Amino acid sequence: MKLLMVLTSHDQLGNTGEKTGFWLEEFAAPYYVFKDAGVTITLASPLGGQPPLDPKSDDPGAQTAATVRFKADAAANAVLANTQKLSAVTAADFDAVFYPGGHGPLWDLAEDASSIALIESMLAAGKPVAAVCHAPAVLRHPKSASGKSVVDGKRVTGFTNTEEAAVGLTEVVPFLVEDMLVANGGVYSKAADWQPYVITDGLLITGQNPASSEPAAHALMALLG
């Protein structure tokens, strides 16, 4: 089984002067779910090479067993440092795609033509697309064959407006994930802030927040059977 993980290349948190990127737990936990299941993993990002790590996800309070394992894993770190360019990968080569979050995807992956085309191609081919926390932002523009948003009429979740408010970035982000999913016709639901919550609807798997990253990966493996 071959799986693509797509990470952000964007490292600027709006105009705040602060850094952002991908969220470590949201990459590390799914990575090991897939790796331990014997899945062949390919990593890609818009710019290729080393994707930027959100420094807040490196704080001591944000660490989990998966992040600790990753930091001690030289081979995994080497793979992460050499992501392929997203424009060079093709949906035909993979059985599924997983998007870790962090605030970065709101700026680049949500608007990235290669990502949009990849998601449309995967879904059209009957292959699952999973995204967690802020990464459901990547579902902003992809359309189904009927021309509607791929989330239209689908049960979905993603980082909540109240979670965004709690981290103080409501006025910084280019759009709110929850509002975007609703505006695109998604049947949005959520658990309490910071609680794990994952929804599978057809080929779409979405997770609400960092705590949902490992359950989302397990949901994807269950869908792949």
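In this report, the structure presented in the accompanying data block is examined. (Residues numbered from 1 in each chain as written. Predicted model: local features only at pLDDT ≥ 70, side-chain atom pairs only at ≥ 80, totals over all residues. Heavy atoms only, no water.)

**A word on the environment of Ala217**
To keep it simple, the criterion reads: Secondary structure counts use DSSP, requiring at least four H or I residues in a row for a helix and at least two E residues in a row for a strand, with both numbered from the N terminus. Think of it in three bands: with a 1.4 Å probe and only protein chains considered, a residue is buried below 20% of the maximum accessible area for its type, exposed above 50%, and partly exposed in between. Contacts between residues were defined by any pair of non-hydrogen atoms, one from each residue, lying within 4.5 Å.
When you line up the elements, Ala217 lands in helix 7 (residues 213-224). For Ala217, a relative accessible area of 0% puts it in the buried group. Considering only alpha carbons, one finds Ala217 and Val198, 19 residues apart in sequence, at a separation of 9.6 Å. If sequence neighbours within four positions are ignored, Ala217 has contacts with Pro30, Val33, Phe34 and Phe98.

**Comments concerning helix 1 (residues 24-36)**
Selection criterion: In this analysis, the expected span of each helix is defined as 1.5 Å times one less than the number of residues it contains.
The terminal C-alpha atoms of helix 1, which comprises 13 residues, lie 18 Å apart, in line with the 18 Å expected from a rise of 1.5 Å per residue. In terms of burial, helix 1 is largely enclosed, as eleven of its 13 residues are buried. Phi for Gly38, located one or two positions after helix 1, is positive at around 85°.

**Quick word on the side chain of Asp112**
Spelled out, the test is: When charges are counted, neither His nor the chain ends are considered; positive counts come from Lys and Arg and negative counts from Asp and Glu. Every case where a carboxyl oxygen of Asp or Glu lies within 4 Å of a side-chain nitrogen of Lys or Arg is listed as a salt bridge.
Position of Asp112 among the secondary structure elements: in the loop between strand 4 (96-99) and helix 4 (113-124). No salt bridge is formed by the buried Asp112, whose closest oppositely charged neighbour, Lys85, lies at an N-O distance of 10 Å. Every residue in contact with Asp112, bar those within four places of it in the chain, is listed here: Pro46 and Leu86.

**A word on the environment of Phe27**
Within the secondary structure, Phe27 is located in helix 1. Of the residues examined, Phe27 reaches a relative accessible area of 0% and is grouped as buried. Each C-alpha atom of the pair Phe27 and Pro100 lies 5.4 Å from the other, and the pair is 73 residues apart in sequence. Setting aside its immediate chain neighbours within four residues, Phe27 contacts Met5, Leu7, Phe22, Leu43, Phe70, Leu80 and Pro100.

**A look at the pattern of salt bridges**
Once their charged atoms are close, side chains differing in charge can pair, the charge on each being opposite to the other. Applying the stated criterion across every chain, the model contains eight salt bridges. Notably, a salt bridge pairs Lys71 with Asp58, separated by 2.4 Å at the nearest N-O pair. Of this pair, Lys71 sits in helix 2 (residues 65-71) while Asp58 is found in the loop between strand 2 (40-45) and helix 2, placing the two residues 13 residues apart along the sequence. For Lys71, a relative accessible area of 46% gives the class partly exposed. Take Asp58: its relative accessible area is 34%, and that puts it in the partly exposed class. Between Glu111 and Arg140 there is a salt bridge, with the nearest N and O atoms lying 2.7 Å from each other. Placement of Glu111 in the loop between strand 4 and helix 4 and of Arg140 in the loop between strand 5 (129-132) and strand 6 (155-156) is noted, with a sequence separation of 29 residues between them.

**A look at helix 4**
For clarity, the cut-off: This arc is taken over the directions from the axis of the helix to the C-beta atoms. Polar contacts, as counted here, are pairs of nitrogen or oxygen atoms within 3.5 Å of one another; within protein the pair requires one atom able to donate a hydrogen and one able to accept it, and residues that are adjacent in sequence qualify only if both atoms are side-chain atoms.
An ideal rise of 1.5 Å per residue puts 16 Å on twelve residues; helix 4 measures up with 16 Å between its terminal C-alpha atoms. Of the residues making up helix 4, those classed as buried are Ser115, Ile116, Leu118, Ile119, Met122 and Leu123. Down the axis of helix 4, the sector holding all buried residues measures 160°, keeping them to one side. Exposed positions of helix 4 whose direction lies more than 90 degrees from the buried face are Ala113 and Ala124. Close packing links the buried residues of helix 4 with strand 1 (2-6), strand 4, strand 5 and strand 9 (204-207). Measuring from the backbone nitrogen of Ser114 back to the side-chain oxygen at the start of helix 4 gives 2.9 Å, which picks out Asp112 as the cap. At the exit of helix 4 stands Gly126, carrying a positive phi of roughly 75°.

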